[in-house]
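Observations on the model geometry
What follows is each chain in one-letter form.
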Amino acid sequence: MTQKTLPFTRQEIMKIIKKYPTPFHIYDERAIRQNATEFLKAFGVLEGFRQFFAVKANPNPFILKMLKEEGMGVDCSSLPELEIAERIGFKGEQVMFSSNDTPAEEFIKARKLGAIINLDDISHIAFLEKAAGIPQLICFRYNPGPARQGNEIIGKPEEAKYGLTKAQMLQAYELARKKGAKRFGMHTMVISNELNEGYFIETARMMFKLAVEIHDKTGIKIEFVNLGGGIGIPYKPEQKPVSYRKVAEGVKKAYDEIIVKNRLHPVRIFTECGRVILGPYGYLITKVNHIKHIYRDYVGTDACMANLMRPGMYGAYHHITVLGKESKPLDHIYDVTGGLCENNDKFAINRKLPEIGIGDILAIHDTGAHGFAMGFNYNGKLRSAELLLRENGSVLQIRRAETVKDYFATLDFKSAKEFS
Ligand SMILES: *Cc1c(COP(=O)(O)O)cnc(C)c1O
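This report concerns the structure included in the present document.

Our focus in this paragraph is unusual backbone geometry. The omega torsion of the bond from T22 to P23 falls at -5°, within 30 degrees of zero and hence cis. Within the chain, R263 stands out as a residue other than glycine whose phi angle is a positive 55°. Tracing the backbone shows R263 in the loop between α9 (244-260) and β9 (268-271). Unlike most non-glycine residues, H370 shows phi in positive territory, near 55°. When its relative accessible area of 13% is taken as the criterion, H370 is described as buried.

Next up on the list: the site of the ligand. Residues in close proximity to the ligand total 13 residues, the closest being K56, G230, E272, R275 and H370. Here an oxygen atom of the ligand and a side-chain polar atom of K56 are 2.6 Å apart. Between the ligand and D75, the relevant distance is 3.5 Å, taken from a nitrogen atom to a side-chain nitrogen or oxygen of the residue. In the complex, the protein chains occlude 90% of the 390 Å² of accessible area that the ligand would expose alone. Using a 2 Å cut-off from the grid points, one finds that the ligand occupies the largest pocket. Grouping the amino acids of the shell around the ligand by side-chain chemistry returns three nonpolar, five polar and five charged.

A contiguous nonpolar surface patch, about 520 Å² in accessible area, is contributed by V404, Y407, F408, L411 and F413. Here Y407 is to be found in helix α12 (residues 404-407). Judged by relative accessible area, which is 37%, Y407 ranks as partly exposed.

In this section: the sheet that holds strand β7 (residues 183-188). With respect to topology, eight strands assemble into a closed barrel ordered β2-β3-β4-β5-β6-β7-β8-β9, the strand pairing being parallel. Across the sheet, the axes of successive neighbouring strands diverge by a mean angle of 25°, strand direction being ignored. Of the pairings in the sheet, the one linking β7 to strand β8 (residues 222-226) comprises four bridges and is parallel in character. Note that in β8 the partner of M186 across the bridge is V225.

Enumeration according to the criterion identifies 15 aromatic pairs in this entry. Both rings, one in F39 and one in F49, keep their centres 6.3 Å apart while their planes meet at 50°; by these two values the pair is tilted. You can see F39 sitting in helix α2 (residues 29-43) and its partner F49 sitting in the loop between α2 and β2 (50-54), a full 10 residues away along the chain. Through a chain of ring-to-ring contacts, three or more aromatic side chains come together here, namely F39, F43, F49 and Y244. Here the basic side chain of K68 rests over the ring of F90, its NZ or CZ set 5.7 Å away from the ring centre. Looking at R148, its charged tip hangs above the ring of Y199, at a distance of 4.4 Å from the centre.

Glancing now at the side chain of Q51. By the element assignment, Q51 lies in strand β2. Using a relative accessible area of 0% as the deciding quantity, one classes Q51 as buried. Separated by 2.7 Å, the side chains of Q51 and T271 make a polar contact. A distance of 2.9 Å separates a polar atom in the side chain of Q51 from the backbone oxygen of C273. The residues contacting Q51, other than those within four sequence positions of it, are F39, L40, M72, G73, T271, E272, C273 and I277.

About the thresholds
Every residue gets a number counted from 1 within its own chain, in the order that chain's sequence is written. With the structure being a predicted model, the display of local features is reserved for residues of pLDDT at least 70 and the display and counting of side-chain atom pairs for 80 or more, all residues being used for whole-chain, interface and lining totals. Values reported for side chains reflect all heavy atoms of the structure, with hydrogen atoms and water molecules removed beforehand. Think of it this way: any DSSP run of H or I at least four residues long counts as a helix, any run of E at least two long counts as a strand, and we number them from the N terminus. We call a residue buried when its accessible area falls under 20% of the maximum for its residue type, exposed when it is over 50%, and partly exposed in between, using a 1.4 Å probe and counting protein chains only. In these notes, residues near a molecule or strand are those with any non-hydrogen atom within 4 Å of it. Here a polar contact is recorded for every N or O atom pair within 3.5 Å, except that within protein the pair must consist of a potential hydrogen donor and a potential acceptor, and residues adjacent in sequence are included only if both atoms are side-chain atoms. Computed with the Shrake-Rupley method and a 1.4 Å probe, the accessible areas treat only the protein chains shown as cover for residues. Grid points spaced at 1 Å over the protein atoms alone were grouped into cavities, where a 1.4 Å probe fits but cannot get out, and pockets, open sets with protein on both sides within 12 Å along at least five of seven lines, with lining residues defined by an atom within 4 Å of a point. Molecule-in-pocket calls rest on the fraction of atoms, with more than half required to lie within 2 Å of the cavity or pocket grid points. Following the grouping adopted for this structure description, the nonpolar residues are Ala, Val, Leu, Ile, Met, Phe, Trp, Tyr, Cys and Pro, the charged ones are Asp, Glu, Lys and Arg, and the polar ones are all others, Gly among them. The patch calculation keeps residues exceeding 30% relative accessible area without a salt bridge and links them within 9 Å when they carry like charges or within 5 Å when they are nonpolar (Val, Leu, Ile, Met, Phe, Trp, Tyr). Salt bridge, as used here: a side-chain nitrogen of Lys or Arg that lies within 4 Å of a carboxyl oxygen of Asp or Glu. Note: two strands are recorded as paired if DSSP finds a minimum of 2 bridges between them. To get an axis, fit a line to the C-alpha atoms, keeping to the stretch in contact for a helix; angles then go from 0 to 180 degrees between the N-to-C directions. Pairing of aromatic side chains here covers Phe, Tyr and the six-membered ring of Trp, requires ring centres within 6.5 Å, and sorts the geometry by plane angle: under 30 degrees stacked, over 60 edge-to-face, intermediate tilted. In this scheme, the term charge over a ring applies when either NZ of a lysine or CZ of an arginine sits within 6 Å of the ring centre and within 35 degrees of the ring normal. Residue contacts are counted whenever heavy atoms from the two residues lie within 4.5 Å of one another.

Below, the structure written as structure tokens:
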């Protein structure tokens, strides 16, 4: 079994805790930049390639600014996400707007920003026309239904709420053209947290064939194919990371065989990955407050599901390192819990760990994406701080922890009037 490593020692974390109390998420800038460079270099074999970071995975402006510097665009799906993108300086076609069940004001904002609008349904053409007008460039999200298998996070495409059917895709491009659209893109997202490179190559093949079919039947030329996000990360120590090179080269081969052969070159390839861009480079640091021995042995931490929902929500595995006990034998079995009054508030169930004592510091791995971002205030729990471990070893607080005052910020006891 390979070991999961940390970019900091127990001593370094103890020093940080003196200034920023636990729990907090800490992100590793050096590793984020290095991975971004590798990702963009590998996919650079595809002419005109662009990666749009899925903002929902980690909407911290400092992080988004770093990814902008590395050369990524952003994928937004709500008004606040569009607003963050705008404030950081993302403009026009650097922004992809892939939403579903979308309110009119979000389409208006996306149009103002000049974002690429990706429609989730054929009926949204009329909705968009009325709300904000039809832009020159329009994209549709394809749901292949029974033609593809999903996985447990995203579900089967056939049961997923997203996208248009095959027949609707053909109609949608013609309808959009009739209403004035001149440039056309195509999107899909059929998998989440997938480690098999072949799956993404299959998705590209499916999309390239559809681009050919659309061209044959309507004369419409697809300008870009957005393959969505969904590249997985090795949450478990024995898993292997996805090879970007293998995916990129497989997509290129499919491109040559389908797009080039059918004389549709050039078609740009886009991705909108979130998890693989940040997931492995964030850690939730939490302190052990209690140990209890009942029918099982429980380690109670000062973090909870509000700081990291994935284990409770999907039964997802997140590796845990007990700082300073890295070389101790894993001869105890614990459930590692948070303090919500919900029994699924557990970071680990029946996990083999070294003997843990009160005051021990745990690093919960792979919280850089879909970690802090999924936070909530249920049970009066407050969101933690986010810290950035800089390349020079210094630490920057990039979001402070919520306070009780924040929790009350949306309440106004004095002016509240009964509605009648
Ligand atoms: C969530 C999401 C993504 C990012 O998915 P990852 O698994 O984080 O790569 C990309 N596109 C859309 C439309 C999404 O909903």
